[in-house]
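Residues per chain, in single letters:
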Amino acid sequence: MKIATWNVNSLNVRLPNVLAWIDQAKPDILCLQETKLTDDKFPTAAFEDKGYYVEAHGQKTYNGVALLSLHPMEDVTRGLPGDKSDEQARYVEATIIADDNAVRVASLYLPNGNPVDTDKYPYKLGWMTRLEKRMQKLLALEEALVFAGDYNVIPANEDVHDPEAWADDALFKPETRAQFRRMLNLGFTDSYRACHATPNQYSFWDYQRGAWPKDHGIRIDHLLLSPQAVDLLTGSDIDRDVRSWEKPSDHVPVWCELDI
DNA sequence: ATGCCGGGCGAAGCCCGA
């Protein structure tokens, strides 16, 4: 079972690329972020035509996440639990039923948090604390779990082309990385790092300043696996070539393969 | 190291992302 995550930066604009990538990569499950669409505008039929079930959780203009799955989905949770006043559409979670196996998958779009001297940064840290609580709660079920998405977290120096330039950024500040490590320390594994020790492998390149041709990127899109999911992990990779396509997103798909 | 890009909204120029 191939599970992928991709921040598409507007599904309206990116739909042709997403459909082309699906044809090529054939993911069983695709977690999308930054769809920027309300659920009534979601291009459900385009994915159903390819055999996917769709669970979207969107809003107008900003954010928006979705789960596409070739297998049926159950028990859908929309919105990250823990703050009923939070109206930002950044989280959707469902159980995917594949034959005799089940895996619970979340598609998440963690807040950026910049500028750090505004309320955006405490919102990010608060959101991370809520995510950690959610992970802890699901971990107790001892099931295969995959939390996939745009974490807006650079885990380590080897995941950014110029660590010093990013030192005070919300994506790389020590507090941000410490909070990310707390999630890993619950018992979760970064699928890409479990499969590759190679430094300087990125999932995002800014549209500006020639970041892509210079390979000035950051690795911020991750799949975090519970121990039961890691036991099934057979591979993980970043489809970096997609960044060179016509009208690309600034993020590329990241995926892992589970022996299910 | 920000807003040089790219997208949304809406029909110009501002807001936002990372």
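Only a predicted model underlies this, so the values are computations on that prediction, with no experimental measurement involved.

(A) Fine view of the pattern of salt bridges. For the structure on display, the rule yields 11 salt bridges. We note a salt bridge from Asp159 to Arg219, for which the minimum N-O separation is 2.9 Å. With Asp159 in the loop between strand E8 (145-150) and helix H4 (174-185) and Arg219 in the loop between strand E11 (217-218) and strand E12 (221-225), this residue pair connects regions lying 60 residues apart in the sequence. The pair Asp159 / Arg219 is uniform in exposure class, with both members buried. Asp190 is the partner of Arg219 in a salt bridge, and the nearest nitrogen-oxygen pair spans 2.9 Å. Placement of the pair is Arg219 in the loop between E11 and E12 and Asp190 in strand E9 (residues 189-190), with a sequence separation of 29 residues. For the pair shown, Arg219 and Asp190 are each scored as buried.

(B) Quick peek at the protein's contact with DNA strand B. Near DNA strand B you find 27 residues, and of these Ser10, Asn112, Phe204, Gln208 and Arg209 are the closest. Counting only the atoms of DNA strand B that lie within 4 Å of the protein, the sugar and phosphate share comes to 59%. Interatomic distance of 2.5 Å between a side-chain N/O atom of Ser10 and a phosphate oxygen of DNA strand B. The side chain of Glu34 places a nitrogen or oxygen atom 3.0 Å from a phosphate oxygen of DNA strand B. Classifying every residue of the surface near DNA strand B gives 8 nonpolar, 10 polar and 9 charged.

(C) Quick peek at the sheet that holds strand E3 (residues 53-57). Taken together, 6 strands build an open sheet; the order of strands is E3-E4-E2-E1-E14-E13 and the sheet is mixed. Looking at strand neighbours, the two that pair on one side only are E3 and strand E13 (233-238), the edges of this open sheet. Direction aside, neighbouring strands of the sheet carry axes that sit 10° apart on average. Here 5 bridges tie strand E2 (residues 29-33) to strand E4 (residues 65-69), and the two strands are oriented antiparallel to one another. Across the sheet, the residue bridging to Ile29 is Ser69, located in E4. The strands touched by helix H1 (residues 11-25) within the sheet are strand E1 (2-7), E2, E4 and strand E14 (254-258), with E1 carrying the most contacts at an inclination of about 155°.

(D) Looking closely at the pairing of E12. The buried fraction of E12 is high, at 5 of 5 residues. Where E8 lies against E12, 5 bridges are found, and the strand directions are antiparallel. Of the residues in E12, the one forming a bridge with Val146 is Leu225. Note: E9 against E12, 2 bridges, orientation antiparallel. When the sheet's bridge partners are listed, Thr189 is paired in E12 with Leu225.

(E) Highlighting the sheet that holds E9. Strand order in this open sheet of 6 strands is E5-E6-E7-E8-E12-E9, and the pairing throughout is mixed. Single-partner strands in this sheet number two, and they are strand E5 (73-78) and E9.

(F) Looking closely at the side chain of Gln59. Here Gln59 lies in the loop between E3 and E4. At 3.2 Å, the side chain of Gln59 forms a polar contact with the side chain of Asn63. The contact partners of Gln59, leaving out residues within four places of it in the chain, are Lys36, Leu37, Thr38, Glu87, Gln88 and Ala89.

(G) Geometry of the environment of Tyr62. Note on placement: Tyr62 falls in the loop between E3 and E4. When the C-alpha positions of Tyr62 and Glu34 are compared, they lie 6.8 Å apart, and in sequence the two are 28 residues distant.

(H) Here's a closer look at the nonpolar core. Within the largest apolar cluster, 52 residues are counted, with the highest numbers of intra-cluster contacts made by Phe47 and Val146. With 7 residues, the top contributor of residues to this core is H1. Excluding residues within four positions of it along the chain, Phe47 makes contact with Leu11, Leu15, Val18, Leu19, Ile22, Phe42, Tyr52, Val54 and Leu68. Among the nonpolar cores identified, the runner-up in size contains 19 residues, and Leu80, Leu108, Leu138 and Phe188 belong to it.

(I) Expanded view of the pairing of E1. Within E1, 6 of the 6 residues are buried, which leaves it mostly tucked inside the rest of the structure. Residues Lys2, Ala4 and Trp6 point to one face of E1 and Ile3, Thr5 and Asn7 to the other, with burial holding for every one of them. Both E1 and E14 contribute to a ladder of 4 bridges, which runs antiparallel. Looking at the pairing, Ala4 lines up with Trp255 of E14. Strand direction decides the pairing type here: E1 and E2, joined by 5 bridges, are parallel. Paired with Asn7 across the bridge in E2 is Gln33. For the segment spanning E1, H1 and E2, crossover handedness is right-handed.

Rules behind the numbers
Residues numbered from 1 in each chain as written. Chains lettered and ligands numbered in written order. Predicted model: local features only at pLDDT ≥ 70, side-chain atom pairs only at ≥ 80, totals over all residues. Heavy atoms only, no water. Salt bridge = Lys/Arg side-chain N within 4 Å of Asp/Glu carboxyl O. Helix = DSSP H or I, 4+ residues; strand = E, 2+ residues; numbered from the N terminus. Buried < 20%, exposed > 50% of the residue type's maximum accessible area, 1.4 Å probe, protein only. Near = heavy atom within 4 Å. Polar contact = N/O pair within 3.5 Å; in protein donor to acceptor, adjacent residues only side chain to side chain. Nonpolar A, V, L, I, M, F, W, Y, C, P; charged D, E, K, R; others polar. Pairing = 2+ DSSP bridges. Axes fitted to C-alpha atoms, helices over the stretch in contact; angles between N-to-C directions. Contact = heavy atoms within 4.5 Å. Core = buried A, V, L, I, M, F, W, Y, C linked by side-chain atoms within 4.5 Å. Right-handed = clockwise from strand over helix to strand, strands pointing away.

Function cannot be read off these values alone, since they describe shape.
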